[in-house]
Amino acid sequence: MTTFTLGRKTIINECSLEYDWIRQQVAEGTESGLIISAIQRCFGGDEETAGLFFDIAIGESSPGILLAHLSMIGWTAHREYDAYSEPRDAYSA
């Protein structure tokens, strides 16, 4: 299994582009299984993680459920993958 690459700030922002992308696919009639596979390819993680992310996007779950799941499997937020984190200053160590 690859590490789920989205960070905490992205996961809790239910208006993020990542969730919008999923909602758009649902609106276009894409099957949920295909969307979940695409989530795994794009963001990593296992099928359960991708399914929880999908459920948040369509309003059937909350970000807290996914964060709890991720913490149980040893995930740590990767700031470098988090689109909503502050950019790092090139001069800070």
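Scroll up a little and you will see the structure.
Just so we're clear, the structure is a prediction, and the values are computed from it rather than from any experiment.

Reading guide: rules and limits
Residues numbered from 1 in each chain as written. Predicted model: local features only at pLDDT ≥ 70, side-chain atom pairs only at ≥ 80, totals over all residues. Heavy atoms only, no water. Helix = DSSP H or I, 4+ residues; strand = E, 2+ residues; numbered from the N terminus. Buried < 20%, exposed > 50% of the residue type's maximum accessible area, 1.4 Å probe, protein only. Contact = heavy atoms within 4.5 Å. Phe/Tyr/Trp six-rings, centres within 6.5 Å; stacked < 30°, edge-to-face > 60°. Salt bridge = Lys/Arg side-chain N within 4 Å of Asp/Glu carboxyl O. Axes fitted to C-alpha atoms, helices over the stretch in contact; angles between N-to-C directions. Parallel < 35°, antiparallel > 145°, perpendicular 65-115°, else oblique. Nonpolar A, V, L, I, M, F, W, Y, C, P; charged D, E, K, R; others polar.

**Q** Requested: an account of the side chain of Gln-25, with residues and values cited.
**A** Among the structural elements, Gln-25 can be located in helix α2 (residues 17-27). Overall, the relative accessible area of 12% leaves Gln-25 in the buried class. Setting aside residues no more than four positions away along its own chain, Gln-25 makes contact with Thr-30 and Ile-35.

**Q** So what's going on with the packing of aromatic side chains? Residues and values would help.
**A** Counted by the stated rule, this structure contains 4 aromatic pairs. Ring centres of Tyr-19 and Phe-53 lie 4.4 Å apart, and the angle between their planes is 20 degrees; on these two criteria the pair is classed as stacked. With a gap of 34 residues between them, Tyr-19 in helix α2 and Phe-53 in helix α4 (residues 47-57) connect regions that are remote in the sequence. Just as Tyr-19 is buried, Phe-53 falls in that class too.

**Q** Talk me through the pattern of salt bridges; I want residue IDs and the actual numbers.
**A** Taken as a whole and assessed by the stated rule, the structure comprises 1 salt bridge. Here Asp-20 ties to Arg-23 by a salt bridge, and the two come within 2.6 Å at their closest N and O atoms. Note that Asp-20 and Arg-23 are positioned in helix α2 at a spacing of 3 residues, about one turn of the helix. In this structure Asp-20 comes out as partly exposed when scored by relative accessible area, which is 36%. By relative accessible area, which is 28% here, Arg-23 ends up partly exposed.

**Q** Just give me the short version of the packing of α2 against α4, but keep the residues and values in it.
**A** Where α2 contacts α4, the two axes come as close as 9 Å, and the packing angle between them is 80 degrees. One element, α2, and the other, α4, form an angle in the roughly perpendicular class. Mapping the contact onto sequence places Glu-18, Tyr-19, Ile-22, Arg-23 and Val-26 in α2 and Phe-53, Phe-54, Ile-56 and Ala-57 in α4. For the contact of α2 with α4, a count of residues per class yields 7 nonpolar, no polar and 2 charged.

Function cannot be inferred from these measures alone, as they are strictly geometric.
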